[in-house]
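Breakdown of the fold
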Amino acid sequence: LVYNLYSGTIQLTSVGAASRQIVLSGTVVSKPTIFTSLNQLTGFVYTAGSGPSLQSSFALNGAGLLGSITLTAPANFEISLNSGTSFSGSSSLTISQIAGKVNNLNIFVRMKAGLSQNSYSGNISLTSTGADTKLVSVSGIVNPAPVVLNVSKTSLINFTYSNGNGPSAIQTLDRKSTRLNSSH
């Protein structure tokens, strides 16, 4: 076998007995190695003025490790060991190995709240003593805030004048808007 993370199942069956399934996993390594279930996470998105994005995750494994695994996210992303609201803006994590291994640990990722309209990308860097650096690319977009238009009146009515004595009286309305130029 070449070095890699291997897994599978054995199904045990017998006539008249309940079936049983045994999960197997193992690793062949030539040096400390970091494995991830994905090399890329995309599709992080939200609208300017809101955020953060929804989270996504990947599984982390390590074998033959001599020390902890350090994960460092790009500045506009945050990582957590817990799903949900436990991110707290963290851009780095340190994962301790046990007997040289890290087994199927979920790493949760999302794009930080409060970013300006733009595209964001980078790499989560995973490092450990003696292991090659592993990168998981991340990318997302913050869409523009919606156009908001407020007017002082909802209708202008009763434009009238007598034949030959026009035009009618002037009526006005005030508008306040975001993301509109003066020609709108």
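Criteria and thresholds
- Position labels on residues start from 1 in each chain and follow its written sequence.
- Two thresholds apply to this predicted model, a pLDDT of at least 70 for residue-level local features and 80 or more for giving and counting side-chain atom pairs, whereas whole-chain, interface and lining totals are computed over all residues.
- Side-chain metrics rest on all non-hydrogen atoms present in the structure, leaving aside hydrogens and water.
- Numbering of helices and strands runs from the N terminus, with a helix taken as a DSSP run of H or I at least four residues long and a strand as a DSSP run of E at least two residues long.
- Exposure classes here rest on a 1.4 Å probe applied to the protein chains alone. A residue is buried below 20% of its type maximum, exposed above 50%, and partly exposed in between.
- Residue contacts are counted whenever heavy atoms from the two residues lie within 4.5 Å of one another.
- In protein, a polar contact means a hydrogen-donor-capable atom and an acceptor-capable atom, both N or O and within 3.5 Å, with residues adjacent in sequence counting only if both atoms are side-chain atoms; elsewhere, any N or O pair within 3.5 Å suffices.
- Geometry of aromatic contacts follows a simple scheme: Phe, Tyr and Trp rings, the Trp one being its six-membered ring, pair when their centres are within 6.5 Å, and the pair is stacked under 30 degrees between planes, edge-to-face over 60, tilted otherwise.
- Note on patches: the residues involved have over 30% relative accessible area and no salt bridge, like charges join within 9 Å, and the nonpolar side chains Val, Leu, Ile, Met, Phe, Trp and Tyr join within 5 Å.
- Computed by Shrake-Rupley with a 1.4 Å probe, the accessible areas treat only the displayed protein chains as cover when residues are assessed.
- For this analysis, a salt bridge means a side-chain nitrogen from Lys or Arg found within 4 Å of a carboxyl oxygen belonging to Asp or Glu.
- Throughout, the protein atoms alone are placed on a 1 Å grid, and a set of points is a cavity if a 1.4 Å probe fits but cannot get out or a pocket if it is open with protein on both sides within 12 Å along at least five of seven lines; lining residues have an atom within 4 Å of a point.
- Grid points are joined across faces, edges and corners, and a volume is the space filled by probe spheres set on the points.
- The residue classification treats Ala, Val, Leu, Ile, Met, Phe, Trp, Tyr, Cys and Pro as nonpolar and Asp, Glu, Lys and Arg as charged. All others, Gly included, are polar.
- Scored between 0 and 100, pLDDT is the confidence that the predictor attaches to each residue.
- Only strands joined by at least two bridges in the DSSP assignment are considered to pair.

So, about the environment of Leu41. On the secondary structure map, Leu41 appears in strand S4 (residues 40-47). Relative accessible area serves as the criterion here: at 4%, Leu41 is assigned to the buried category. Ignoring any residue separated from it by four or fewer positions in sequence, one finds Leu41 in contact with Ser56, Ser57, Phe58, Val109, Val136, Ser137, Val138 and Ser139.

Attention shifts here to the side chain of Ser90. Relative to the helices and strands, Ser90 is located in the loop between strand S7 (77-80) and strand S8 (92-95). Using a relative accessible area of 19% as the deciding quantity, one classes Ser90 as buried. A distance of 2.8 Å separates a polar side-chain atom of Ser90 from the backbone oxygen of Ser92. In this view, Ser90 contacts Phe77, Glu78 and Ile79; residues no more than four positions away in its chain are not counted.

Take the packing of aromatic side chains next. Inspection of the entire model under this criterion finds 1 aromatic pair. Centroid distance Phe44 to Phe77: 5.6 Å. Interplanar angle 70°. Geometry classified as edge-to-face. In this pair, Phe44 sits in strand S4 while Phe77 sits in strand S7, placing the two residues 33 residues apart along the sequence. Relative accessible area serves as the criterion here: at 3%, Phe44 is assigned to the buried category. Since its relative accessible area comes to 1%, Phe77 is described here as buried.

Looking now at a nonpolar patch on the surface. Residues Ile10, Leu12, Ile22 and Leu24 make up a contiguous nonpolar surface patch of about 310 Å² in total accessible area. Every element with two or more residues in the nonpolar patch is listed here: strand S1 (4-12) and strand S2 (20-28). Summarising the element assignment, Leu24 is placed in strand S2.

Turning our attention to the layout of surface pockets. Of the voids in this model, the largest pocket is the one considered here, and its volume is about 200 Å³. Around the largest pocket, the lining is made up of 14 residues, and of these Leu5, Ser25, Gly26, Thr27 and Asn103 lie nearest the centre. Here the residues of the lining of the largest pocket are counted per class, giving 4 nonpolar, 9 polar and 1 charged.

With that settled, the discussion passes to the confidence of the model for the protein. Across the protein, the average pLDDT comes to 88, with 93% of residues at or above 70. In this model residues 180-184 is a low-confidence stretch, pLDDT under 50, and it forms 5 contacts with partners more than four residues away in sequence or in other chains.

Moving on, we come to the pairing of strand S11 (residues 134-143). The sheet contact formed by S4 and S11 spans 6 bridges and is parallel. Paired with Tyr46 across the strands is Val142, a residue of S11. Examined bridge by bridge, strand S10 (residues 118-127) and S11 share 9 bridges and lie antiparallel to one another. Directly across from Asn123, in S11, lies its bridge partner Ser137. In textbook terms, the turn of a hairpin is the stretch between consecutive antiparallel strands, and for S10 and S11 this stretch comprises 6 residues, one of which, Gly130, has a positive phi near 80°.

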